Structures are given as structure tokens and as C-alpha cells.
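Secondary and tertiary structure notes
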Amino acid sequence: GTVIMASGVQDFNRTESDRLNEIKGHLEIALLEKHFLQEELRKLREETNAETLRQELEKERQRRLELEQKVNEVLKARTEEVPAAQQPAKPQTQANGTDKRSHTVCSRLQKWFCDKFGEYVEDFRFQPEENTVETEEPLSARRLTENMRRLKRGAKPVTNFVKNLSALSDWYSIYTSAIAFIIYMNAVWHGWAIPMFLFLAILRLSLNYLIARGWRIQWSIVPEVSEPMEPPKEDLTVSEKFQLVLDVAQKAQNLFGKMADILEKIKNLFMWVQPEITQKLYITLWAAFIASCFLPYRIIGLAMGLYAGIKFFLIDFIFKRCPRLRAKYDTPYIIWTSLPTDPQLKERSNATVSRRLQTAASRSYVGSSAPTGISKDEDTSRFHMTKRGNFHEVFNLSENERPLAVCENGWRCCLINRDRKMPTDYIRNGVLYVTENYLCFESSKSGSSKRNKVIKLTDITDIQKYKVLSVLPGSGMGIAVSTPSTQKPLVFGAMVHRDEAFETIFNQYVKITSASSSSDS
């Protein structure tokens, strides 16, 4: 029997080694196939480039043949004309002499036309459009910082212009805004608004020419603040590169979000998503159309110019200083702020559906029979379940203890207990909950409830944000909790929503400690 068991163990080990060798062979085959596909892709790209070059060479060759053919025709015509001119004059009729002179004049006229306008005629020859593929540059931290600085420098004139307009509307300089208001209203009243704007554009270009020549001229209402230019770093560490990518991604996210909000609001305005708002625009357009049909354009332009000047210099100034008036009477502002975006529409639809479901559930709950002598809070706490059963049964708590509404589904994290030496007890994956009086951690591994952790909020001596790896940028993704029963703080790490969890735990901790201190006093 021992011999049979030994042979069985050897066969089992042999089969396991055979499986590992088979898996290793599959991996080697996959790597070879990957390398082969990469080589094929590179060759295919080179062949496509060679094909485009071959097509361009063929086009140039055809063009050269056409030019050679034209040159040969011209030379042949000249060689035919020279012997005809060298032949002795023979008695011919008047008609033959007239034909020769006309033929010579036509050839000369054709030659002169080809010399003068042949190049322009070639420009109008139709050719197939060439599709050029732009090569994409690889990701580089240095190139990324350089492009960010270029974008900032390029957008600086536009931002300065917007700041000056905002300063005029806010009456940052009273004398400048007053002079601009008087000049603008006078120009609009006399019909000089367009010449005034053209003159300002010419004046701005003239000042830019003088500035480019080295003159120091500052024509700005708001004084420009020169920001110190940081010299570009040659070598960036991994942490700096990672932080740079995060900063750029955050700025791009916010910029794209603002642009998407503007475009979605404009789309929803014209698509009758909010009928009461689009109806105002509809009536305004009809009124403008009727006015443009019956009123002279001079009166319409005068009315629009006066309204724009009064709104820009006076009405907007009053509305910015009085937010309540703006919220009540500023129609464009009210329309723009009340226009929804697509995420807001989605949230409204989800809220409507959930409200309907809650109404139906409450009706069915009222109709069903419930045990007497049980309060509403106790009844709802019994229905809250975790992955392994009722919440109070998993953590051995009273029935009225249930997670807060913010963390009803919990936050996924890992518990790092630095007092333990065993690797299996050092880190545990699970879900963190916060109740009114406790901080509960449910381990994801199967086993007894001893692997779960329950901390009373009043026993916590310190709570703060924690960074597990100091090499990574940012403030980290962990929360450190200190208690009298642990030598080192317990760390709840790898939390995606760390800030939300910290605010919830800290607020509940402050609430419980203040309530206990007031009751003791």
C-alpha cells in the first residue's frame, strides 16, 4: 500500500510538472506570436509608406513625360518653321501667302499664351487629394510641461482682454469706465459704433507694433502681474512625473467638463428639454423677426446698441452687487442657470424613478402585516443586510445599530494592523461601515466573525488621514485610527473615497464625543 501511494504521489507530481511545462510552453508561444505580430505591423507600416512614395514617384514621372512631350512638340514646330523661312520665294497666289501669315501669327499667339498663362493653367489641373497621416509623438513629461506653458502664453492675450472687459463692467476704474460709457453711447447714438470698433482694432495693432519694436506701453485697466517663470527641469523623478500627469489630467477634466456643460445647455435650449425656457426664446425670435420686417435697420441697430451699453455698464454692475435682484430680474442669467445638463437630466430621471419605487414600496409595506410592538427604526435596521447576514448579527451589536445613509453599502478598503506579525493577520481586505456609535470592518475572507473589527467611537483617541506609501504623490488613500488597545494606529488603506469616509467618520466622532462630554458634565 505504501508503494502504491508513493507511485500515486509521483504521478500527481509528474502531472503537476507536466501542466506547468505545458502552461510555460503556451506562454512562450504567446510571446513569440506577439513578437511576430509586432514585426508584421512594423513591416506593414513600412510598406504603406513605400507605397505612397511609389505613387508620388509615378505621378512625378508622368508629369515629366508630359513636359518632355510638350517641349518636343514646340521644338518640332520651330524646326518646321525654319526651313520654310529659308526656302526661296516662289510665285504663289495671294491666298497661299495669307494662309502662311495667319498660320505663323496663330502659332506665335499660342506660344505667347503658353509662356504667359501656362503656369496658371497648370495650377487649375485637378489632382487626387493626398491623405497625409500625422505621426503622434510619444508621451514625454518635458514635452507635456512645454505644451502647458505654450498654451498658457497663447491664451494670455485672450484672458487679459476678458479681464479688461470685466473691469470696465465692474467700474474698477471709475474715470475709465465713465469715459468709455460716454464715448460708446455717443458713438451708438450718431451711428459710429462700427467705425469706433474698427478704430480701436487699428489702435491696438499700432500699439502692438510699437511694443514689438521695443517700446514699453501698458494699455490695460487691470495691472498685469508678471508670474515668475520656473526653469524647466531636465530630469524628473517618477513621483514628479506621476504628479504632473495627475495635474494635467485634472485640468483637462475640468476644462472639458465646463465645455461639455456649455454645449449641452445650448443643445437642451434648442431641443425643448425645458419647454418654458425655450418658449421665451421662441417668442423673442418671432418678435425680432417681425420688427426686422417693419422697422428700419437704423432704428433696430440704435435700440440694440443702447440696450447693450446700458446692460453692460449699468445693469450688470447693479446685478453683480445685488445677487437677490439678479436672481429675480436678470432674465438671461436665470435662463442660463436653470438650463440643465445631460448628467442633471439623468439624475432627475433616476430620482423620479426611485421616488415612484419608494411610493410603491411604502404602499405595499403599509398593506402588509408587521409585528406589533416594534418601532420603525428597529424594523428598518432588521432589514439591512450585509453579504453574510443581518448587520447586527455579523458584528454582535444591538438591533438599532445600522450603517449611516452615507455608507449604507460601505467603503471597500484593507485593514493594516501593524501590531500583528503574521502576514495573514497583518492585512485584511474588506468593507468599512460607520454607525451612530461604532466603526465596523467586515473582512471579505470566509471564516468566523473574529476576523471582523468593531471599534467604539468613544474609544478612539486620534483619527487622521494617512499615506501608506510616501513615495507616491498626493495625500494618500488611508485613514489612521488610534485606540488605547493598540500600540500602533490601525490603518484603513486603499480607499478610493478616502476623503468622504474621513469626513463622515470624523463628524460622527465629534458628534458622539461632544454628546458624551455634555452628558458627563
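About the criteria used
- Residues numbered from 1 in each chain as written.
- Predicted model: local features only at pLDDT ≥ 70, side-chain atom pairs only at ≥ 80, totals over all residues.
- Heavy atoms only, no water.
- UniProt positions renumbered as here; feature names shortened; annotations may be inferred.
- Helix = DSSP H or I, 4+ residues; strand = E, 2+ residues; numbered from the N terminus.
- Expected span 1.5 Å × (residues − 1).
- Buried < 20%, exposed > 50% of the residue type's maximum accessible area, 1.4 Å probe, protein only.
- Contact = heavy atoms within 4.5 Å.
- Core = buried A, V, L, I, M, F, W, Y, C linked by side-chain atoms within 4.5 Å.
- Pairing = 2+ DSSP bridges.
- Axes fitted to C-alpha atoms, helices over the stretch in contact; angles between N-to-C directions.

What follows concerns the UniProt feature "transmembrane region" (unreviewed entry) in the protein chain. Listed under "transmembrane region" (unreviewed entry) in the UniProt record, and renumbered for this structure, are residues 193-211. Spanning residues 193-211, this segment combines 100% helix with 0% strand, and its end C-alpha atoms are found 27 Å apart.

With 20 residues, helix α5 (residues 193-212) should reach 28 Å at 1.5 Å per residue; the first-to-last C-alpha distance of 29 Å fits that figure. Of the residues trailing α5, Gly214 is marked for its positive phi of about 110°.

Time to look at helix α15 (residues 498-520). For α15, spanning 23 residues, the distance from its first C-alpha to its last is 32 Å, which sits close to the expected 33 Å at 1.5 Å a residue. Buried within α15 are the following residues: Arg498, Ala501, Phe502, Thr504, Ile505, Gln508, Tyr509 and Ile512. The elements touched by buried residues of α15 are β3 (411-416), β4 (427-434), β5 (438-443), β7 (462-466) and β8 (478-482).

This part covers the nonpolar core. Inside soluble globular proteins, nonpolar side chains tend to come together where they are buried. In terms of nonpolar packing, the biggest core is built from 23 residues, with Leu432, Leu439, Ile463, Ile479, Phe492 and Met495 touching the most fellow members. Where this core is concerned, the elements lending two or more residues are β3, β4, β5, β8, β9 (490-493) and α15. Of the residues forming this core, the biggest block, 5 residues, is contributed by α15. Apart from the residues within four sequence positions on either side, Met495 is in contact with Trp411, Arg412, Cys413, Leu432, Met477, Ile479 and Ala501. Ranked by size, the runner-up nonpolar core spans 8 residues in total, among them Tyr184, Met185, Met196 and Phe313.

If you trace the 7 strands from one edge of the open sheet to the other, you get β6-β5-β4-β3-β9-β8-β7, paired in antiparallel fashion. Taken across any chain shown, the strands that pair with only one partner, and hence form the sheet edges, are β6 (453-456) and β7. Each strand of the sheet is rotated relative to its neighbour by a mean of 30°, with strand direction disregarded. One ladder, built from 4 bridges, connects β5 with β6; its direction is antiparallel. Among the inter-strand pairings, Leu439 is bridged to a residue of β6, identified as Ile455. On top of the sheet, α15 reaches β3, β4, β5, β7 and β8; it is set at about 170° to β7, its chief contact.

Mapped onto the elements of the fold, Asp316 is located in helix α8 (residues 297-321). By relative accessible area, which is 19% here, Asp316 ends up buried. Apart from residues lying up to four places away in sequence, Asp316 is in contact with Ser169 and Lys311.

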